[in-house]
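# An overview of the molecular structure
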Amino acid sequence: MRPVVDPGGKIEVDGKKYKMVRFVVPDERVFRTPQSYVFPIMTDELKRTPGLVQNPGW
(Lines give C-alpha, C1' and ligand atoms only; values in the text may rest on other atoms or scores of the structure.)
Protein backbone atom coordinates (compact mmCIF):
# COMPACT_ATOMS: atom_id res chain seq x y z
CA MET A 1 0.00 0.00 0.00
CA ARG A 2 1.15 3.53 -0.68
CA PRO A 3 -0.39 6.95 -0.01
CA VAL A 4 -1.87 8.88 -2.95
CA VAL A 5 -3.12 12.47 -2.80
CA ASP A 6 -6.95 12.44 -2.91
CA PRO A 7 -9.28 15.31 -1.95
CA GLY A 8 -11.76 12.76 -0.56
CA GLY A 9 -9.11 10.78 1.35
CA LYS A 10 -9.47 9.98 5.04
CA ILE A 11 -5.80 10.52 5.95
CA GLU A 12 -4.73 14.13 6.46
CA VAL A 13 -1.12 15.29 6.76
CA ASP A 14 -0.13 18.98 6.75
CA GLY A 15 -3.45 19.98 5.25
CA LYS A 16 -3.30 17.47 2.38
CA LYS A 17 -5.66 14.49 2.18
CA TYR A 18 -4.47 11.04 1.15
CA LYS A 19 -5.89 7.59 0.55
CA MET A 20 -4.03 4.29 0.56
CA VAL A 21 -3.80 2.45 -2.77
CA ARG A 22 -2.58 -1.09 -3.42
CA PHE A 23 0.26 -1.50 -5.89
CA VAL A 24 2.20 -4.45 -7.29
CA VAL A 25 5.96 -4.60 -7.57
CA PRO A 26 7.00 -6.54 -10.68
CA ASP A 27 8.81 -9.74 -9.70
CA GLU A 28 12.11 -9.82 -11.56
CA ARG A 29 13.88 -12.29 -9.29
CA VAL A 30 15.81 -15.05 -11.02
CA PHE A 31 16.91 -18.35 -9.51
CA ARG A 32 20.59 -18.93 -10.28
CA THR A 33 22.35 -22.21 -9.63
CA PRO A 34 24.48 -22.63 -7.47
CA GLN A 35 24.33 -19.06 -6.12
CA SER A 36 20.66 -19.22 -5.11
CA TYR A 37 21.19 -22.29 -2.92
CA VAL A 38 23.54 -20.52 -0.46
CA PHE A 39 24.04 -17.07 1.04
CA PRO A 40 27.29 -15.10 0.79
CA ILE A 41 29.63 -15.16 3.76
CA MET A 42 30.26 -11.69 5.20
CA THR A 43 33.63 -10.13 4.32
CA ASP A 44 34.44 -9.64 8.02
CA GLU A 45 34.03 -13.37 8.64
CA LEU A 46 36.25 -14.23 5.65
CA LYS A 47 38.98 -11.87 6.95
CA ARG A 48 38.71 -13.25 10.49
CA THR A 49 39.00 -16.90 9.37
CA PRO A 50 41.67 -17.26 6.63
CA GLY A 51 40.78 -20.92 5.91
CA LEU A 52 37.19 -20.00 5.07
CA VAL A 53 36.29 -19.56 1.39
CA GLN A 54 33.37 -17.66 -0.11
CA ASN A 55 30.36 -19.68 -1.22
CA PRO A 56 30.29 -20.41 -4.98
CA GLY A 57 28.78 -17.67 -7.13
CA TRP A 58 29.36 -14.92 -4.57
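Residues numbered from 1 in each chain as written. Predicted model: local features only at pLDDT ≥ 70, side-chain atom pairs only at ≥ 80, totals over all residues. Heavy atoms only, no water.

## Quick word on the sheet that holds strand S3 (residues 16–21)
What counts here: One requirement defines pairing of two strands: DSSP has to find at least two bridges between them. Helix and strand assignments come from DSSP, with helices taken as H or I runs of at least 4 residues and strands as E runs of at least 2, each series counted from the N terminus. In this description, a line fitted to the C-alpha atoms serves as the axis of each element, helices being fitted only across the stretch in contact, and the angle between N-to-C directions of two axes falls anywhere from 0 to 180 degrees.
What the 3 strands build is an open sheet, ordered S1-S3-S2; its pairing is antiparallel. Looking at the sheet topology across the chains shown, the edges are occupied by strand S1 (2–5) and strand S2 (11–13). Each adjacent strand pair in this sheet contributes to an overall mean axis angle of 45°, direction not counted. In this sheet, S3 lies alongside S2 in antiparallel orientation, the contact comprising 3 bridges. In the sheet register, Ile11 faces S3, and the bridge partner there is Tyr18.

## Digging into the pattern of salt bridges
Where we set the bar: Put simply, a salt bridge is a Lys or Arg side-chain nitrogen that is within 4 Å of an Asp or Glu carboxyl oxygen. When a residue's accessible area, from a 1.4 Å probe over protein chains only, is under 20% of the maximum for its type it is buried; when over 50% it is exposed; and in between it is partly exposed.
As enumerated under the stated definition, the model contains 3 salt bridges in all. Here Lys19 ties to Asp6 by a salt bridge, and the two come within 3.9 Å at their closest N and O atoms. Placement of the pair is Lys19 in strand S3 and Asp6 in the loop between S1 and S2, with a sequence separation of 13 residues. You can call Lys19 partly exposed: its relative accessible area is 38%. Across the pair Arg29 and Asp27 runs a salt bridge, and its minimum N-O distance is 2.8 Å. What makes Arg29 exposed here is its relative accessible area of 72%.

## Concerning the environment of Ile41
Topologically, Ile41 is positioned in the loop between S3 and helix H1 (43–48). Sequence separation between Ile41 and Asn55 is 14 residues, and the spatial gap between their C-alpha atoms is 6.8 Å.

## Examining unusual backbone geometry
Of note in this structure, Asp14 is not a glycine but carries a positive phi near 50°. Tracing the backbone shows Asp14 in the loop between S2 and S3. Accessibility expressed as a relative area gives 80% for Asp14, which makes it exposed.

## Topic: the pairing of S3
Inspection of the sheet shows S1 paired to S3 by 4 bridges, in the antiparallel sense. Paired with Val4 across the bridge in S3 is Lys19. Turn length for the S2-S3 hairpin, with the two strands adjacent in sequence and antiparallel, is 2 residues, and the turn residue Asp14 shows positive phi of about 50°.

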